[in-house]
Each structure stands twice: as C-alpha cells, then as structure tokens.
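Chain by chain, the residues run as shown.
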Amino acid sequence: MFWNRQVDNAISRLKRDVQAPVRVVLWDGREVALHDEPRVTIRLNDASTAAALRKPSLMALAQAYIDGGADIEGDVRDAIESAEAISRAMGAKAGREPSNGRHSRREDRDAIRHHYDVSNEFYSLWLDPRMVYSCAYFQSPSDTLEQAQEQKLDHICRKLRLARGERFLDIGCGWGALVIHAARHFDVDATGITLSEQQYELATQRIREAGLRDRCRVELLDYRDLPGEATFDKVASVGMFEHVGLANLPVYFGTVKRVLRERGLFLNHGITSSDVDNREVGMGAGDFIDRYVFPKGELPHLHRAIHDMSAQHLEVHDVESLRPHYAKTLGIWSAAFERNLEQAARLSSERTARIWRLYLAGCARAFEQGWISIYQVLATRRAEPGLTGLPLTREWMYPR
C-alpha cells in the first residue's frame, strides 16, 4: 500500500507539473498522458520501475529502459525530450563538479576499448562509408552525411594548410579517414594513432587497400608515448581530448608542443562543456554517459582548453563553433541507428543497443539545447618570439 501511494503521488505530480508529448503506461494498466496529443508512449513493465518516477532524472529513466523495466513506443527523440521535461520539472540536480580523476595509460586504454571496440560492424550500421565518428561539416542543409564528412576532412586539411611532403599526425585517428584523406589529396606523410585494436586493424586494412602504405600508417599507441621532438609539421586531434581528463590537459597539449615543429599548426576538434566551471551535464545525463558510454570522459569549457593550450606555447589563431553541425550529424546517426536497431542488437546485445539508442538521441538533444558544444581551435607552436607567418586573413580556410 505504501509503495502504491508513492506511485500515485508521483503520477499526481507528473499530471500537475509536466507538459511533455508523452503517455506513461503503468504495469497495472493505468496510464497518464502529459499532453493533449502525446507522440510517444513509455511503458513501465513492473512495480520496481516506479522508482524512476518517484525521483526522476535522465539517469534513472535511462537505467529503467536499459535494464528492460521500461519500453519506448514511438520516436526516441520525443522520448528524450519528454524525459528531460519530467526530470527538469521534478527537480533533478545540476551537474556535479569535475572529478579530475586519474587517467593512467591502462585506464585510458580500457575506457577507449569499452567505447570503440563494440565491433566495426556495429559502427558501420549508422556511420558514413568512411566511418568518420565525429562532427560532420554541412555546407548546405541538403548535404548528405557522406558529403558533410568529406567536407569536414577537407576543412581540417585546409585549416592546417597541409602541403606536399609535410609530416602530419592525427591523434586519436579512429578508422583512419583523416590520414587517408590527407595522404591521398594533400600528398603528406600521415601518421595516425589510436588505442582501439579494432580501429587499428580496419584502418591499416583500408590504407593497404588504398595503396597508401608508402606515406600513410596507423599505430596502436598512447599519445603520451609518442617519440621524438619536432617530428611533425602539422598535428590534428579530432574527438580525442574528451578522453584525456581535465588534470591531464597540460600533459596532452604539452605532448603536442613536443612533437610539433616550431611554427607548425595544430587543430584541436573536441566537445566542450557549456558550464564555465567545467561541471558535467546535469539532470543525470552526465552520470549516464560516464557509466554506460564514455567511462572517465571529462569535458573542459572552451576557456579551459584555450588556457591550457596557451600555457604550452600554442598560440590560438582561430576558434570555430560546430554545435549546429553536430546536432545535425547526431540526428542523422540516431535516425540510422533506429532503422538498424534489430541488427545493432544482434551485433552487440539488446542492452548495448538500448544504451546506444538513448546515447545518440540524447546527444543530439544536448547539442540542440546547448548543454554541450564543440569547437575547432587552430593554433601554432610558437615557443620563440616573432610572427607566425600565417596569412593576414582566414580566406584560405574557405575556398571560393
């Protein structure tokens, strides 16, 4: 009786305080619509799942779905919007302070493999043919994902002013799309590094099939173990520094400074916190990502990233926000994942597919709402006084 009374109280609060396009159906057949025309139904399959209604947060509601205590009928994006409205109205907490946790080589390797080594086939279900797992660059709303990803690769190479014969490094190279593009179209000597064995194997295969082994390679290597000094003319890092940890940003940018020649260009493309104090996304969203998707991930605010770059003699020249581009990219990924949901579960597990279904749709919502953002930051290694030699305008980045 006490338990049912708590559930009844939670339902009453939902009716009173929440406007969202959702119908909630309880295990005993009762239901409550939080909108005159609900677009999505969330079914709670057993009494124990009611805990998610008593103290709702994005984490609690997501966990109920992941564990099979709840099911979604309808568009998952509408379900995410509804979960946000419920969490916000019911007083879910703001994000926690950054943990500044330890990031040993083994811990970082395990975290990367947890995320990226689900399987190459799993990722190929919803990524573009090159398997570029980072924000695309849309020059027109009608661009396909494949077009936008090629435009992103080209945009990075142009920003770095890649030239024939230069030595180019991609830190966190994924399945090799950027190093292959740079070697093929800009005739550079390209090296990529990753901690994911599955990424390493497929990238190496693709380099071999492209006939680029003489000037393109991928190594299974931690960024901290990169050898040498001033060994590269240009360096890029795309979707990598989110894994580094706030406390390790000086080490990360210090490594870039060490391996980059004087006056060489560095482009950092990464997700950032929208909170100036670097707190995680609130209402339980950050907890969900840390537990299920990106273990030990930490997002710095833009000012923290630029501060730590500048402290390593990396002079910033250009900052470009890609937040609208990533909202669109994630929307396309999420829609592709929905079309291939059953196959995703076969390639991984029902539970893993549920996690990724929420993650992709939730991240699209997060970028749309500005809970998080993403920036490309272009800098020069300038340890010695003097000008950098770059053109006076940025026209080189945007060809006519």
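Criteria and thresholds
- Numbers given for residues are sequential positions, taken from 1 along each chain in its written order.
- Only residues with pLDDT of at least 70 get local features here, since the model is predicted, and only at 80 or more are side-chain atom pairs given and counted; chain-wide, interface and lining totals rely on the full set of residues.
- Hydrogens and water are ignored here; the side-chain numbers use all heavy atoms of the structure.
- To qualify as a helix, a DSSP run of H or I must reach at least 4 residues; to qualify as a strand, a run of E must reach at least 2; elements of each kind are numbered from the N terminus.
- An expected span of 1.5 Å times one less than the residue number is assigned to each helix.
- Accessible area is worked out with a 1.4 Å probe on protein chains only. A residue is then buried under 20% of its type maximum, exposed over 50%, and partly exposed in between.
- Any two residues having at least one pair of non-hydrogen atoms within 4.5 Å are treated as being in contact.
- Two strands make a pair as long as DSSP finds a minimum of two bridges between them.
- What counts as an axis is a line fitted to C-alpha atoms, over the stretch in contact for a helix, and the angles between N-to-C directions run from 0 to 180 degrees.
- A pair of cysteine sulfur atoms is labelled a disulfide when the two atoms are within 2.5 Å.
- Stacked, tilted and edge-to-face pairs are distinguished by plane angle, under 30 degrees for stacked and over 60 for edge-to-face with tilted covering the rest, among Phe, Tyr and Trp rings (Trp via its six-membered ring) whose centres lie within 6.5 Å.
- Here a salt bridge means any side-chain nitrogen of Lys or Arg lying within 4 Å of a carboxyl oxygen belonging to Asp or Glu.
- Pairing of N or O atoms within 3.5 Å defines a polar contact, subject to two protein rules: one partner must be a possible hydrogen donor and the other a possible acceptor, and residues neighboring in sequence count only if both atoms are side-chain atoms.
- Each nonpolar core is a collection of buried residues, namely Ala, Val, Leu, Ile, Met, Phe, Trp, Tyr and Cys, held together in the definition by side-chain atoms within 4.5 Å.
- In this tally, Lys and Arg are treated as positive and Asp and Glu as negative; His is ignored, and so are the chain termini.
- Throughout, right-handed denotes a crossover for which the path from the first strand over the helix to the second runs clockwise when the strands point away from the viewer.

1. As for helix H7 (residues 145-159)
- For H7, with 15 residues, the first-to-last C-alpha span of 21 Å sits near the 21 Å given by 1.5 Å per residue.
- Of all the residues in H7, the buried ones are Leu 145, Ala 148, Gln 149, Gln 151, Lys 152, Leu 153, His 155, Ile 156, Cys 157, Arg 158 and Lys 159.
- Looking at the packing, one finds that the buried side of H7 touches helix H8 (177-186), strand E8 (232-238), strand E9 (260-273), strand E10 (314-321), helix H13 (323-339) and strand E11 (372-381).
- Two residues or fewer past H7, Arg 161 is found with a positive phi of approximately 55 degrees.

2. Let's talk about the sheet that holds strand E2 (residues 31-33)
- Taking strand neighbours across the sheet as the criterion, the four strands line up as E2-E1-E3-E4 in an open arrangement whose pairing is mixed. Whereas interior strands pair on both sides, the edge strands pair on one side only; in this sheet they are E2 and strand E4 (70-73). Strand after strand, the sheet turns through a mean of 15 degrees between neighbouring axes, direction not considered.
- Summarising the sheet, strand E3 (residues 40-44) and E4 pair through four bridges and their orientation is antiparallel. Within the sheet, the bridge partner assigned to Thr 41 lies in E4 and is Glu 73.
- Docked against the sheet, helix H4 (residues 76-89) engages strand E1 (22-25), E3 and E4, running at close to 70 degrees with respect to E3.

3. With respect to the state of the cysteines
- Throughout the structure, instances matching the rule amount to zero disulfides.
- Cys 135 takes part in no disulfide bond, and the closest cysteine sulfur, belonging to Cys 363, lies 12 Å away.

4. Description of the sheet that holds strand E5 (residues 167-171)
- The sheet built from seven strands is open, its strands ordered E7-E6-E5-E8-E9-E11-E10 with mixed pairing. At either margin of the open sheet sits one strand with a lone partner, and together these are strand E7 (216-220) and E10. Averaged over all adjacent pairs, the angle separating strand axes in this sheet is 15 degrees, with direction ignored.
- In this sheet, E7 lies alongside strand E6 (residues 189-194) in parallel orientation, the contact comprising five bridges. Residue pairing across strands places Thr 194 opposite Leu 220, the latter belonging to E7.

5. Considering the packing of aromatic side chains
- For the structure shown, the criterion picks out 21 aromatic pairs.
- Aromatic side chains Phe 122 and Tyr 123 sit 5.8 Å apart centroid to centroid with 85 degrees between the ring planes, which places their arrangement in the edge-to-face category. Taken individually, Phe 122 and Tyr 123 each receive the classification buried, so the pair is uniform in this respect.
- With a centroid separation of 6.3 Å and 70 degrees between ring planes, the pair formed by Phe 253 and Phe 266 is classed as edge-to-face. Of this pair, Phe 253 sits in helix H10 (residues 249-259) while Phe 266 sits in strand E9, placing them 13 residues apart in sequence.
- A relative accessible area of 0% means that Phe 253 is categorised as buried.
- Residue classification places Phe 266 among the buried residues on the basis of a relative accessible area of 0%.

6. A look at helix H15 (residues 350-369)
- Taking 1.5 Å per residue as the helical rise, H15 with its 20 residues ought to reach 28 Å, and the 29 Å between its terminal C-alpha atoms agrees with that figure.
- Buried residues dominate H15, accounting for 15 of its 20 residues.
- The first or second residue beyond H15 is Gly 370, which carries a positive phi of 80 degrees.

7. Remarks on the pattern of salt bridges
- Under the criterion given, the structure shown has 32 salt bridges.
- Put simply, Glu 262 and Arg 381 hold a salt bridge, and the shortest N to O gap is 2.5 Å. Here the residue Glu 262 occupies a position in strand E9, and Arg 381 occupies one in strand E11, the gap between them amounting to 119 residues.
- Residue classification places Glu 262 among the partly exposed residues on the basis of a relative accessible area of 24%.
- Residues participating in the shared-partner salt-bridge network are Lys 159, Asp 318, Glu 320 and Arg 394.

8. Some remarks on the side chain of Arg 381
- For Arg 381, a relative accessible area of 16% gives the class buried.
- Among the polar contacts listed, one links the side chain of Arg 381 to the backbone oxygen of Lys 257, at a separation of 2.7 Å.
- Beyond its immediate chain neighbours, meaning those up to four positions away, Arg 381 contacts Lys 257, Leu 260, Arg 261, Glu 262, Arg 263, Gly 264, His 313 and Leu 314.

9. As for the nonpolar core
- Ranked by internal contacts, the top residues of the largest apolar core, which has 77 residues, are Trp 126, Phe 288 and Trp 356.
- With residues near it in sequence (within four places) discarded, Trp 126 still touches Tyr 133, Leu 145, Trp 333, Ala 336, Phe 337, Trp 356 and Leu 360.
- Among the nonpolar cores identified, the runner-up in size contains 29 residues, and Val 132, Ala 177, Ala 190 and Met 397 belong to it.

10. Thoughts on the side chain of Asp 128
- Mapped onto the elements, Asp 128 comes out in the loop between helix H6 (120-124) and H7.
- Among buried charged residues, Asp 128 stands out as having no salt bridge; its nearest opposite-charge side chain is Arg 130, 4.6 Å away.
- Polar side-chain contacts of Asp 128 include one of 3.1 Å to the backbone nitrogen of Arg 130.
- In this structure the side chain of Asp 128 is engaged in a polar contact, spanning 3.0 Å, whose partner is the backbone nitrogen of Val 132.

11. As for the environment of Asp 75
- Along the polypeptide, Asp 75 turns up in the loop between E4 and H4.
- Sequence separation of Asp 75 and Thr 41 is 34 residues, and the distance between their C-alpha atoms is 9.1 Å.

12. Side note on the pairing of E6
- Most of E6 is tucked away: five of the six residues are buried.
- Across five bridges, E5 lies against E6 in parallel orientation. What sits directly across from Ile 171, in E6, is Ile 193.
- Each parallel crossover has a hand, and the one from E5 via H8 to E6 is right-handed.
- Crossover E6 to E7 through helix H9 (residues 197-209) is right-handed.

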